[in-house]
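Chain residues, written in single-letter form:
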Protein chains: 4
Amino acid sequence: MTQTIGHFINGSIIEDTARTQTVFNPSTGEAARKVALASKTTVEEAVAAAQAAFPAWRNTPPAKRARIMFRYKELLEQNREKICRLIGSEHGKIVHDAAGELQRGIENVEFACGAPNLLKGEYSKNVGPDIDSWSDFQPLGVVAGITPFNFPAMVPLWMFPLAIVCGNTFVLKPSERDPSAPLFLAQLLKEAGLPDGVMNVVNGDKEAVDTLLTDPRVQAVSFVGSTPIARYIYATATANGKRCQALGGAKNHAIVMPDADLDNVVNSLLGAAFGSSGERCMALSVAVAVGDETADRMIAGIKEGMKTMKVGAFSDESNHFGPLITAEHKAKVESYIDSAEQQGATIVVDGRNPEVPSELAKGFYLGGTLIDRVTPEMTSYQEEIFGPVLQVVRVKTMQEAMELINRHIYGNGTCIYTRDGEAARYFADNIPVGMVGINIPLPVPVSYHSFGGWKQSAFGDLGAYGPDGVRFYTRRKTVTQRWPTSEVREGAVFSMPTLG
Amino acid sequence: MTQTIGHFINGSIIEDTARTQTVFNPSTGEAARKVALASKTTVEEAVAAAQAAFPAWRNTPPAKRARIMFRYKELLEQNREKICRLIGSEHGKIVHDAAGELQRGIENVEFACGAPNLLKGEYSKNVGPDIDSWSDFQPLGVVAGITPFNFPAMVPLWMFPLAIVCGNTFVLKPSERDPSAPLFLAQLLKEAGLPDGVMNVVNGDKEAVDTLLTDPRVQAVSFVGSTPIARYIYATATANGKRCQALGGAKNHAIVMPDADLDNVVNSLLGAAFGSSGERCMALSVAVAVGDETADRMIAGIKEGMKTMKVGAFSDESNHFGPLITAEHKAKVESYIDSAEQQGATIVVDGRNPEVPSELAKGFYLGGTLIDRVTPEMTSYQEEIFGPVLQVVRVKTMQEAMELINRHIYGNGTCIYTRDGEAARYFADNIPVGMVGINIPLPVPVSYHSFGGWKQSAFGDLGAYGPDGVRFYTRRKTVTQRWPTSEVREGAVFSMPTLG
Amino acid sequence: MTQTIGHFINGSIIEDTARTQTVFNPSTGEAARKVALASKTTVEEAVAAAQAAFPAWRNTPPAKRARIMFRYKELLEQNREKICRLIGSEHGKIVHDAAGELQRGIENVEFACGAPNLLKGEYSKNVGPDIDSWSDFQPLGVVAGITPFNFPAMVPLWMFPLAIVCGNTFVLKPSERDPSAPLFLAQLLKEAGLPDGVMNVVNGDKEAVDTLLTDPRVQAVSFVGSTPIARYIYATATANGKRCQALGGAKNHAIVMPDADLDNVVNSLLGAAFGSSGERCMALSVAVAVGDETADRMIAGIKEGMKTMKVGAFSDESNHFGPLITAEHKAKVESYIDSAEQQGATIVVDGRNPEVPSELAKGFYLGGTLIDRVTPEMTSYQEEIFGPVLQVVRVKTMQEAMELINRHIYGNGTCIYTRDGEAARYFADNIPVGMVGINIPLPVPVSYHSFGGWKQSAFGDLGAYGPDGVRFYTRRKTVTQRWPTSEVREGAVFSMPTLG
Amino acid sequence: MTQTIGHFINGSIIEDTARTQTVFNPSTGEAARKVALASKTTVEEAVAAAQAAFPAWRNTPPAKRARIMFRYKELLEQNREKICRLIGSEHGKIVHDAAGELQRGIENVEFACGAPNLLKGEYSKNVGPDIDSWSDFQPLGVVAGITPFNFPAMVPLWMFPLAIVCGNTFVLKPSERDPSAPLFLAQLLKEAGLPDGVMNVVNGDKEAVDTLLTDPRVQAVSFVGSTPIARYIYATATANGKRCQALGGAKNHAIVMPDADLDNVVNSLLGAAFGSSGERCMALSVAVAVGDETADRMIAGIKEGMKTMKVGAFSDESNHFGPLITAEHKAKVESYIDSAEQQGATIVVDGRNPEVPSELAKGFYLGGTLIDRVTPEMTSYQEEIFGPVLQVVRVKTMQEAMELINRHIYGNGTCIYTRDGEAARYFADNIPVGMVGINIPLPVPVSYHSFGGWKQSAFGDLGAYGPDGVRFYTRRKTVTQRWPTSEVREGAVFSMPTLG
C-alpha cells in the first residue's frame, strides 16, 4: 500500500499529501492505496490553471475541440480493459458491469463529438428594418464537477466531455472512494491532445468541495450524489451566485400490471435491482404488484432467479455483482433489512451473511435480498437503501400504485410493466417522475437525450448531459445589429467622379 | 384617495386590507390610491387557487391554451389606451413610452401563441433494438413572478403568458409602487377565457415575497429587480429547492469609436439614456468615447440635443420623459450627481431643480443630466443610478474601453458605435455582457430570442422569455419504451386457424 | 345565374370573361354561377403583380408580416358562417363539415403567426479562427398553389398563409368547381392589411395551370389533387427548373384487430368513411378486419350505425353528408359500386338511388355504401373511389393485413385499431405510409406537424404546411464572414498618442 | 496499363468489362488504367444488392450505424496518403490540394457521426385530449449519388456517409475520369464494419446514369456536375417520381471594394481562382473591381503574385496546381481565352503554352491566366470556364457590381471584399446567390451547414450535406395516437375486489 493517488492539474500529476485517506479494494476488504485530500490551496491552483487555460480554449473553433473528443473516444476504447479493472478494484463492481458503465460514458463522448452542430445559435434577419439579431451560446469559463463513488467513470463522463467541448475548462472532484479511474480518464484527455489546464482533477473531501462552491472563478457546478448533499451543494453554489445542477437520491418503483409479461418482469428486475449491488441511483428497488396473484407469481419467479445469482470479486466475470463500497455502507444496508423485518415485512430471500470463498472473507459482501409485504410506513421503504435489496409492495389497483409513487419524496425513475397502450400512456403522462420506463426497468436516457429526476431527486432546471447539458454549460449572448448609413456602399459612387 | 387596490385570486378581486401602502401619482406627487399588502395567508390562498387549477389546465391541449393567448392579444390591443394611462399615472412615464412598453409586452404574448410548436419534444426511434425514447416538456405546477416598478406591464408580460401557455398556473407579485396595470392585465386574461385560478395576482411586500419563496407548492420563481434583491431571491428560492431565475441591476456602457456616425450616436443616446427617466435596466448610462476628439464632438451634440428635451407629466405626449418613481428615489439620484461633482467630474448639463409648471411642483422631477470626465473610481460610475443621468468616460483606445466594461460587476447590456466590421465582431464576441448592440443602444432581444445579462446582472442558467423562457417553465420527462412480445400481433395468427 | 366569379389580382377583382365555366350547387343540381377561366395573359398579369410586390414584402420584417396573420385569424373567425355557406353551396358539404374544414385551415394561420420564430436561421461562431458562418432562410419570390375542389378553404390555407409569412408573394389557382370560398379568403387578406399584389387568385383550367408551371418567374409550385395530375405537375414544374411538391390520391386502410374497441371502431369509421361523402384524400375507405369474427361484428355495427345516417342539402345541419361534387363524379362512384358487385363483392348497404326530398331530386346524391368481401383484385379496391363507399377486406392475420397495405400503390394514411402497445408500434414503424393513426381513423397531422403521403400519394421531398412547409417556401443562404485586419480597432491606439 | 477498375457491389469488387474507357494520368498525359462501364444489368445488380440490404440496415439503431462512421473516420485518416495519391494520379490536383479535399470530406463523416441526435423527430403530447402525435424521420430505401470528376473524394463524401447513417442503402456512380479514389472509399467502409450491400459503387456512363434515374427501386438521386446535365438529371429523376437534388455550374464573382484590404484580396484570390486549376464549382473566376484605381492596384498585385505560381505534376508538393482533367477540356479552356482576346479583353498574364519539364510535355497543362477589361457580353464571361483563368470586370459602383451578379444565370457562390459592416450586410442580404463570403473568396459552408446554390446553379429544394442532407435522405412519418378506453387500467380495480 505504498501508492498515493494525487491530483491532475495543468497537465501534470500533483502530489499534495498533507492529508490522505485510505482507498479499499472492497472485494477483499484490503486497504489498497491512499488518496491525497486536496487543501484549499491545491484546489485553487487547479481553478487557477483552468482559468488560465480558458481564453485560448474558448477561442479554439468548436470543430477543433470536437476532434479531440473523436480521438478521446478511440483512446477510451483502446484502454477499456484497464479502466474497467481500475473501476472494479476500487468500487467492487464486476468488470462486465464496469464495461457497461464505461460504454455509457463513451456514448457521452460520442455526443460531445457533435459540438459544432450542437452549439449553433439562432439567427434572425430583420427583427426590425435592417436590424439583425442572433444568439450565440458561449462557454462559461471554469466549471466544476463533483461526482459519486458508484459510477467513477460514467458520471464524470456525463460532465467533462460536454463542458469541455462547449469551450469551458474543468475541475473534477471525484469520489475519494474510487479515484483511480477518473484520474486516468483525465490523463487520457491529455494524450488525446487536450491543452494543459483545460481538464483538472482534484481529489479531496469537504474542504475541496467547499472551495469549489465558493471560489468566484468557478461559474457552474454539476453534482451527482445523495439528496442531502445535493441540497447543500445547490444551496451553497447558488448562494455564491453560480449556476448549479445537483442530482440526488432515488426510490425507483416498478408497477407490475396483471397483463405484464412475467418472464420479462423477472429477468429484467433481477438485473435492475441487484446489478452493481443496487448502488445505482436508477436501481429498481421497489416492485409494486397490482393484485396478489401478480405478486405471488412475480415473487416466485424472482426467488427462483435469485438462486442462480452469484456474488463475488470484481475480477471474476461469472459473478453477477460484487461487494458494497465500504464496510460502513454494508452495515447500513443490513440495518435496513433488519428494520423491515422488525416492522413486519417478510424476508423472502435473505442476503445477510452471504457465502464467499475464504480469501474474500473480509470483502464487503451482501447477498441479494428480496422482501415482500413492504408498506409505505416502513423505514426501508421511505429511504434510499443503495444495496442489493428488492422490496415488494402489494396493491389492488394501478391507481393505488401510482398514488404510492406520487407520495414518495423522490421522483428519479420509474417503470410500468404492461402490454396495454392505454395504461402505459396514462402512467407515463401522469406520474411525476423524470425518467419513465415502459417495460424498461432502468430507463436511463441515452446520451443524446438528458438525465434528470423530479422532486427531491434533482435540483436545478436543466438535466445532465445531452441537449440540457449543452445548455447548462453555455450562456446565451444576444447581439442586435444595425449598420447606420450606406456611406461606403453608395459613397463609392461619389468618390470616383473622374472615372465617368 | 378612497380606492384600495386588492388582489386577484381564483378569478375574483380579493380585498385583504389589514395592511396597506400609499400609491403615488409621481407626476403630481400626490397620494392617489392605496394598495393592499397581502398577508402570508392571502398569498397562500393564491397559491392554493393556482395549485387547484393546475391539473385541469395541465391537461388542456397546448393549442387550446394558445388560443386564449390569441384572444388576449386582441384584448390588450383594444385596451391599449387604458393600460398606458394606468402605467403612466402610477409610474410617471409618458404615455407614448408606456405604449412602447406595452407593445414589447404584447410581442411576448405573440410568441406565447406559438406554444404548440414551442412545446415539441424530441423523439428517437430505436435507441436500441425496438426501443424508442422521447422527451416531453411538461409544466412545473405553480410558478411565481416577482416584478419591478419600472415596467409594470412589460416585465409581467415577459413571464405569465409563457408560463401559462406552457401549462403552469401563476402567482404574480408586482411592484407595490404601480400595481394597477398588472392587476388589470390579469383581469383581461379572465375575459380572454382563462379558467379561474390559473392566473393570480397578490400585491404586497417582503411578507408576500417570502411566502412565495418558501411555500413548497411553488415550483419556480422568476424575478426582475435590483441585484441585492436578486441575490436574495435566488439564494432563498434555491435553498428551498426551487428553480429560480433572478435578473438584477446594470451599468450599460456604449463605446463610441472615432469612425462612428455621430448623428446616430447622439440621437440614439438621448433616448437610451433619458427615456423613462433612465429607470430601465437596459438604460444606456455610460458613454465611453475613444479619443478626446470623439468625446468633444459627441458631448457637443448631446448637449445641443438636450436643449429640446422636455420633462413633465405622464399624460402630455409632448414630454420626453416624466418624473422619477418616488421622492426618495429622486433624492438618491441627485446624491449620485452631487458625488460625481465632488469627486471631480464635470457637470455639463445639470438636471437638478428642473423647471416644471406650478401644478407639477410636487412631482418627483429631475432633468436630464450630462456628466463628463467620469472615472472608474467614482461612486456614480460604480453603482447603478437609475435616473436620467448620462456619464461620459474618456479613453484612448478601444481596448481600454473594453477593459473598463470587463471590470465592471454588471454585464447586462452594452453597445458599440462603429461602422467597422472587424471592430464590431471583436467587441461582440469578447465582451462579457449578455446583450450586445452594434449601433443599437438598447439591445433588448426581441420576444422570440431571450433576455439575459451576465455577471452580477442575472442569476440562474436560463434567460427570461423566448426559448429560454419555455425551457425554464417546463421540465423534461424522458420516456423509454419497449413492448416485450409480439403475442397479440402474431398471436392473431395462431388464434385464427379455424377461420380459413 | 348572372354572377361571374373573376380573379383577384393586385388587390382588385379582375374580370376576364372570354371563357367561363358553370359552377353548380350540387345540393340542388342547379347551375348557380359562372367562373371566369383565366387566359395565359391574365395569369401572367397575376404573376407580374406578385413579382412586383415581392421586393417590398421580402424586406418587411417577419414580425410585421406575422401581425397581418394575427389579424387575418380574427377576420376568418368573424366570417366563419359566410365562408362555410360559400363552401357548402358550391361543394355540397354540410355546413358543420365546412366549419371543421375552416377550423383546420385557421390552425394553419395560427401556425403562420409564429413566423419570426420559425424563420430563425443557424449561427456558428468560429467555424474557423475568427470566421463565423450563418444560414438564413430567405423567401423564394413568386410561388403558386394549385388546389382541389374537395377542400376549397383548407387546402389553400395550408399554403398561402405560410408562403406569405415567409416573405413570398402568391398566386393561387383554386378548383374551378367551387371558386367562391378561396376568392373570398384572398379578399379578407387585403382587409387584414396585406399589401396589394402579395396574394393573387386566378380561376381557370389547364391553360392557367400550364402558365404557372412554365413561367420562369414562378419559383415553386404546391399542388394537391389526384395522382395522375400530381405526376404531371411534378414532372412539368421540375422540368422547368422549379421546386415542387405535388400531393395525389390515396386508398387509406384501417386494420381492425381482434382486441379493438369495436364501439370506437364503428363510430369513428362512420365519420371517416362517409364524412364529406368520402371526398377526402384522408377518407378511410378500406377496413381490413383481422379474423371473420372481427369482421362480422364490425359490419353488424356499421350497418346499424348507417341506418341513422342522413344525406341531404349542405345547409341542413342535421345531415351527415351531402351530394357529390358533380353528376359525372356521381356516375363514376356508382360505376365502382357496380364493378364491385359484378366482381363478386357483397353489397351490404347500397347507397345507389338514395331517397331525398323532391326539391333536391336533381342534386348529385349518393347514399352511404358498405361493401363486404372485397378482394385486392377488384377495380374498386385498386383505385381511389372518392365517394361514400366503405369496403371491407377480410384477412386472417395482422401480417396479411399489412402486406395488403404494403402492396397498394398509395401510401397516404392508414390506421390500426388495437389496444396492444406492441402491435401498434410494430405497425406504425413498419408500414410504408406517411400518416399513421393508432385508433385514429383520419390521422391528419396537426398544423404544427406536416402533411405528407408516401409512395404514389405524394411527390417531392417536403410535406405540406408545418415545419416542412416553412422549409419548402424558403431557400437557404449561407454566409461565411471573416474581417481581415484589426486596423480600426487597434489603429485607434496609434492615432491617439498625443492625446494623453 | 493492365488494370481494369471494376465495381463494388454487395461487398465485392465486380468486373463487368464488356465496355471500358481509358483513365488518364493528366500529369503525364498517359493512359494509366481502364475503367469498366457498367451495363444496365450490372447497375440493376447493385440496386438489387442495396434493396436487399435495406430492411436490416433500416432497423439497425442509429447509434450503431453512427459507430461505423466513427470507425470510418479513423480509417480515412489512416489512409490519407493513399487516397490523396489516388486522387492526384487520376485528377491531376497536387497532393496537398487532394489532402484539403479529403479533409472536407472527413468533416462530412464527422457530421454523420451525430446521426442519433440529427434524426430526432418531433413529439407533441395532447394535440387533442389524450391524443399524442409525433413525426419520425425514416430512411427512404435505395438512394443514388452521381458525382463529378473534380472532387472524386469530397463530393461522394458529401452524400453517402449521411445517406447511410440515416438508414438508407447507397449506389454511387462516380466520374469515370477518376474512379479509383471513390472505389477505395467504398472498400474502406466495409473495413469499418458496414454490412455488405449497404454501399455499392458502379462505374459507368450514360447507360448507368439512366438506369439509376429510371429504376423504380431508387428513391432519390443526388447529383453534382454541370448545369445542362443537372437539368437533365432533375427532370428525368422527378419524371420518374423520385426526389432529386441536382447541383450544377457556377460563375462566382468577387466584388472588390475601394476599402478592401488589398493584400488579403490578392492572396486569397490567387488560391481561389487558380487552385485545382479552377476546376471547382466554387472557384472564384470573376473579380469585379469597384473603381479603376482599385482595379489597377489589384491587378498589379495579382500579376506579381502569379509570377511565383508553379504548375506541374500532382506528386510534387511544391506545385501550386496541376494539369486539367483531359486534353479536350484543356482545348476548351484555351478557346475561352482565345475568345476573350478576340472580343476585346486584355490578356494580362497568358497561361497558354506553359513551360513544363520535358517528361510532362504530354500532360494537360495550362498556366494561370489573368484577363482584364472583361465585359458581360463576352462568351468567356457568360459561360463557366472551369480552368485557371481569372477575369476582371471593372465597374464604377457597388450597385453596378451587384447588378452584374444579379443578371448572371448562375447563383452558386460570391464574395465581397470590404471592411465596412453596412456594405457587407447589404450585399449578403440582397445578392441572389446561395453561398456568400465576406472577405472569404470560397465560402463553402462547413459540414454542419449545407451547400446549395441558387438560380441555375442548383435544382431541388434542399441543399447538399448538413441539416438539409439529413432531411433529403429521410422522409417524415407522422403518427397520431389515442388509446380508446381505460379498460385495463381501471379494469384492474374491478377484477380484484376479493383480494382485500
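The rules behind these values
Residues numbered from 1 in each chain as written. Chains lettered and ligands numbered in written order. Predicted model: local features only at pLDDT ≥ 70, side-chain atom pairs only at ≥ 80, totals over all residues. Heavy atoms only, no water. Contact = heavy atoms within 4.5 Å. Buried area = accessible area lost by both parts, 1.4 Å probe. Salt bridge = Lys/Arg side-chain N within 4 Å of Asp/Glu carboxyl O. Polar contact = N/O pair within 3.5 Å; in protein donor to acceptor, adjacent residues only side chain to side chain. Helix = DSSP H or I, 4+ residues; strand = E, 2+ residues; numbered from the N terminus. Nonpolar A, V, L, I, M, F, W, Y, C, P; charged D, E, K, R; others polar. Pairing = 2+ DSSP bridges. pLDDT = per-residue confidence, 0-100. Core = buried A, V, L, I, M, F, W, Y, C linked by side-chain atoms within 4.5 Å. Buried < 20%, exposed > 50% of the residue type's maximum accessible area, 1.4 Å probe, protein only. Least-squares fit on C-alpha atoms with pLDDT ≥ 70 in both. Disulfide = S-S within 2.5 Å. Axes fitted to C-alpha atoms, helices over the stretch in contact; angles between N-to-C directions. UniProt positions renumbered as here; feature names shortened; annotations may be inferred.

A.B. asks: Before we go on, may I ask you to explain the interface of chain B and chain A in this structure?
C.D. replies: Size of an interface: often given as the accessible area lost when the parts come together. Each partner contributes residues to the interface: chain B has 65 residues there, and chain A has 65 residues. Where chain B abuts chain A, roughly 5500 Å² becomes buried across the two surfaces, and 49% of that area is made up of carbon and sulfur atoms. When the area that chain B buries against chain A is broken down by residue, the three leading residues are Arg419, Trp454 and Asp461 of chain B, summing to 13%. Here chain B and chain A share six salt bridges between them. Joining chain B to chain A, the criterion identifies 35 residue pairs in polar contact (both at pLDDT 80 or more). The greatest single-element share of the side of chain B that touches chain A, amounting to seven residues, is contributed by strand E23 (residues 474-481) of chain B. Split by residue class, the side of chain B that touches chain A holds 27 nonpolar, 22 polar and 16 charged. Bridge count for strand E20 (residues 435-438) of chain A against E23 of chain B is four bridges, and the pairing is parallel. For Ile438 of chain A, the partnering residue across the bridge sits in E23 of chain B and is Gln481 of chain B.

A.B. asks: Even after reading the chapter, I still don't get the confidence of the model for chain A, so can you show me in this structure?
C.D. replies: Residues and elements named next belong to chain A. Put simply, chain A has an average pLDDT of 95, and 98% of its residues get 70 or more. The low-confidence segment residues 492-500, where pLDDT is below 50, has twelve contacts with residues more than four positions distant or belonging to other chains. Scoring the predicted complex yields pTM 0.97 and, for the interface, ipTM 0.95.

A.B. asks: Would you take a moment to explain the nonpolar core for this structure?
C.D. replies: Across soluble globular proteins, you tend to see nonpolar side chains buried next to one another. Of all hydrophobic cores here, the largest spans 306 residues; its most connected members are Tyr72 of chain A, Tyr72 of chain B, Tyr72 of chain C together with Tyr72 of chain D. Discounting chain neighbours no more than four positions away, the residues touching Tyr72 of chain B are Val109, Leu157, Phe160, Leu185, Leu188, Leu189 and Ala192 of chain B.

A.B. asks: Could you clarify how one ought to interpret the relation of the copies chain B and chain A in this entry?
C.D. replies: Between the two copies of the chain lies a relationship made up of a rotation around an axis and a movement along it. Overlaying chain B with chain A gives an RMSD of 0.0 Å, the required rotation being 180 degrees about an axis along which the chain moves by 0.0 Å. Here the symmetry operator amounts to a two-fold rotation axis. Interface residue correspondence from chain B to chain A reaches 100%, placing this contact among same-surface, isologous pairings.

A.B. asks: How should I be thinking about the state of the cysteines in this particular structure?
C.D. replies: Throughout this description, disulfide means a covalent bond between two cysteine sulfur atoms. This model, assessed by the stated rule, comprises zero disulfides over all chains. Take Cys113 of chain B: it sits in no disulfide, and the sulfur closest to it among the cysteines is that of Cys113 of chain C, at 7.1 Å. Left without a disulfide partner, Cys84 of chain C is nearest to the cysteine sulfur of Cys281 of chain C, which lies 19 Å away. Taking the relative accessible area as the measure of exposure, Cys84 of chain C reaches 5% and is therefore buried.

A.B. asks: Where do I start with the sheet that holds strand E1 (residues 4-5) of chain C in this structure?
C.D. replies: In a beta sheet, neighbouring strands pair by backbone hydrogen bonds and run either parallel or antiparallel. Residues and elements named next belong to chain C. Here three strands make up an open sheet; going across it, the order is E1-E5-E4 and the pairing mixed. Here the strands that pair on one side only, and so sit at the sheet edges, are E1 and strand E4 (20-25). Pairing between E4 and strand E5 (residues 30-36): six bridges, direction antiparallel. Note that in E5 the partner of Gln21 across the bridge is Val35. The strands that helix H3 (residues 80-91) touches are E1, E4 and E5; relative to E4, the one it contacts most, it runs at about 100 degrees.

A.B. asks: Is there a simple way to explain the interface of chain B and chain D in this structure?
C.D. replies: Across the contact, 22 residues belong to chain B and 23 residues belong to chain D. Of the roughly 1800 Å² buried at the junction of chain B and chain D (both faces included), carbon and sulfur atoms supply 45%. Between Asp420 of chain B and Arg419 of chain D there is a salt bridge, and its shortest N-O distance comes to 2.5 Å. Element by element, the count of residues in the side of chain B that touches chain D is highest for strand E6 (residues 121-128) of chain B, at seven residues. Broken down by class, the residue content of the side of chain B that touches chain D amounts to six nonpolar, eight polar and eight charged. For E6 of chain B and strand E6 (residues 121-128) of chain D, the ladder comprises three bridges, and the chain directions are antiparallel. Following the sheet pairing, Glu122 of chain B is matched in E6 of chain D by Glu122 of chain D.

A.B. asks: Help me understand the relation of the copies chain B and chain D, please; the structure alone is not making it clear to me.
C.D. replies: In screw terms, the move from chain B to chain D is a rotation of 180 degrees and a rise of 0.0 Å along the axis, fitting with an RMSD of 0.0 Å. Most of the interface of chain B is mirrored in chain D, where 100% of its interface residues again form contacts.

A.B. asks: Any chance you could explain the UniProt feature "domain: Aldehyde dehydrogenase" (unreviewed entry) in chain A here in plain terms?
C.D. replies: Under the local residue numbering, the UniProt record ascribes the feature "domain: Aldehyde dehydrogenase" (unreviewed entry) to residues 16-479 of chain A. Annotated as 41% helix and 22% strand, the span residues 16-479 of chain A places its first and last C-alpha atoms 45 Å apart.

A.B. asks: I'm lost on the sheet that holds strand E1 (residues 4-5) of chain B in this one. Help?
C.D. replies: All names here are of chain B. What the three strands build is an open sheet, ordered E1-E5-E4; its pairing is mixed. Lying at the two open borders of the sheet, with one neighbouring strand each, are E1 and strand E4 (20-25). In this sheet, strand E5 (residues 30-36) lies alongside E1 in parallel orientation, the contact comprising two bridges. When the sheet's bridge partners are listed, Ile5 is paired in E5 with Val35. Its contacts with the sheet place helix H3 (residues 80-91) against E1, E4 and E5, and it is angled at close to 100 degrees to E4.

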